Amino acid sequence: MRKLKYYIASTIDGFIAHEDGSFDGFLMEGDHVSDYLTALQQFDAVLMGRKTYDVGVKEGVTNPYPHMQQFVISRTLQTSPDEAVTVVADELNDLVRNLKAESGQDIYLCGGGELATTLLAAKQIDEIILKVNPVLFGTGIPLFAGGQNPVPTTRLQLSDHNIYSNGLVLLFYTVLYEPAS
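Residues numbered from 1 in each chain as written. Predicted model: local features only at pLDDT ≥ 70, side-chain atom pairs only at ≥ 80, totals over all residues. Heavy atoms only, no water.

(A) Fine view of a nonpolar patch on the surface. Together, Phe 23, Met 28 and Val 55 make up an exposed nonpolar region whose accessible area comes to about 250 Å². Its place among the elements puts Met 28 in the loop between β2 (15-17) and α1 (31-39). (Patch = residues over 30% accessible without salt bridge, like charges linked within 9 Å, V, L, I, M, F, W, Y side chains within 5 Å. Areas by Shrake-Rupley, 256 points an atom, 1.4 Å probe, with all protein chains shown as cover. Salt bridge = Lys/Arg side-chain N within 4 Å of Asp/Glu carboxyl O. Helix = DSSP H or I, 4+ residues; strand = E, 2+ residues; numbered from the N terminus.)

Following this line, the structure appears as structure tokens:
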């Protein structure tokens, strides 16, 4: 069965972007970049929220992962600006269950925090791969969104790590869901 992996860059204080969606301050050079590009080859499908997708669209990139099946989860985006990208408004859990049941490689959850919170609450995320950048933003878009649907308490088990010479730390966690009572 395929796994859904939340592979995301974060600051030490838990933000995946500034409040305006920009992410200057994250390390864009170093060995971790080539390792990330290599890691993308383990995926053949990607899920992203509309705000995450919009980051590339603003730069003219409408097909950010051409080697993957691409899904943008949005209730506000009516049509996709690219035929290679499917917009999904409803039935998110059904989509994830169906993708996991298909044969193929793992599924990349690349952002954002609201989508990750929804999928974690539905016990759909199997692994969290966190690229912790040696920077503090103070405020911004959190790794997991709170608000009306806060992240449920969830145990994680560290399965691997890598510390890069530039200070970035890559952490691999398996999500340990409590069995249903």
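So much for the structure itself; the text now carries on.
(B) Main features of α1. Residues of α1 that are buried: His 32, Tyr 36 and Ala 39. Along α1, the residues classed as buried sweep out an arc of 60° about the axis, all on the same side. Facing away from the buried side of α1, by more than 90 degrees, are the exposed residues Asp 31 and Thr 38. Check the buried side of α1 and you find it contacts β1 (4-11), β3 (43-49), β6 (106-111) and β7 (127-133). (Buried < 20%, exposed > 50% of the residue type's maximum accessible area, 1.4 Å probe, protein only. Arc of directions from axis to C-beta. Contact = heavy atoms within 4.5 Å.)

(C) Local environment of the pairing of β6. When you tally the buried positions in β6, you get 6 out of 6 residues, the bulk of the element. Sheet topology places β1 next to β6; 3 bridges connect them, and they run parallel. The residue bridging Tyr 6 from the neighbouring strand is Leu 109, located in β6. Inspection of the sheet shows β3 paired to β6 by 5 bridges, in the parallel sense. By the bridge assignment for β6, Phe 43 is matched with Asp 106. (Pairing = 2+ DSSP bridges.)

(D) Examining the nonpolar core more closely. Counting 27 residues, the largest nonpolar core has Leu 4, Tyr 6, Leu 47, Ile 73, Leu 109, Leu 119 and Ile 125 as the members making the most contacts within it. Elements supplying a minimum of two residues to this core: β1, β3, β4 (69-73), α3 (92-101), β6, α4 (113-121), β7 and β10 (169-176). Contacts of Ile 125, omitting those with residues within four sequence positions, involve Leu 4, Tyr 6, Leu 109, Ala 116, Leu 119, Leu 120, Val 175 and Tyr 177. (Core = buried A, V, L, I, M, F, W, Y, C linked by side-chain atoms within 4.5 Å.)

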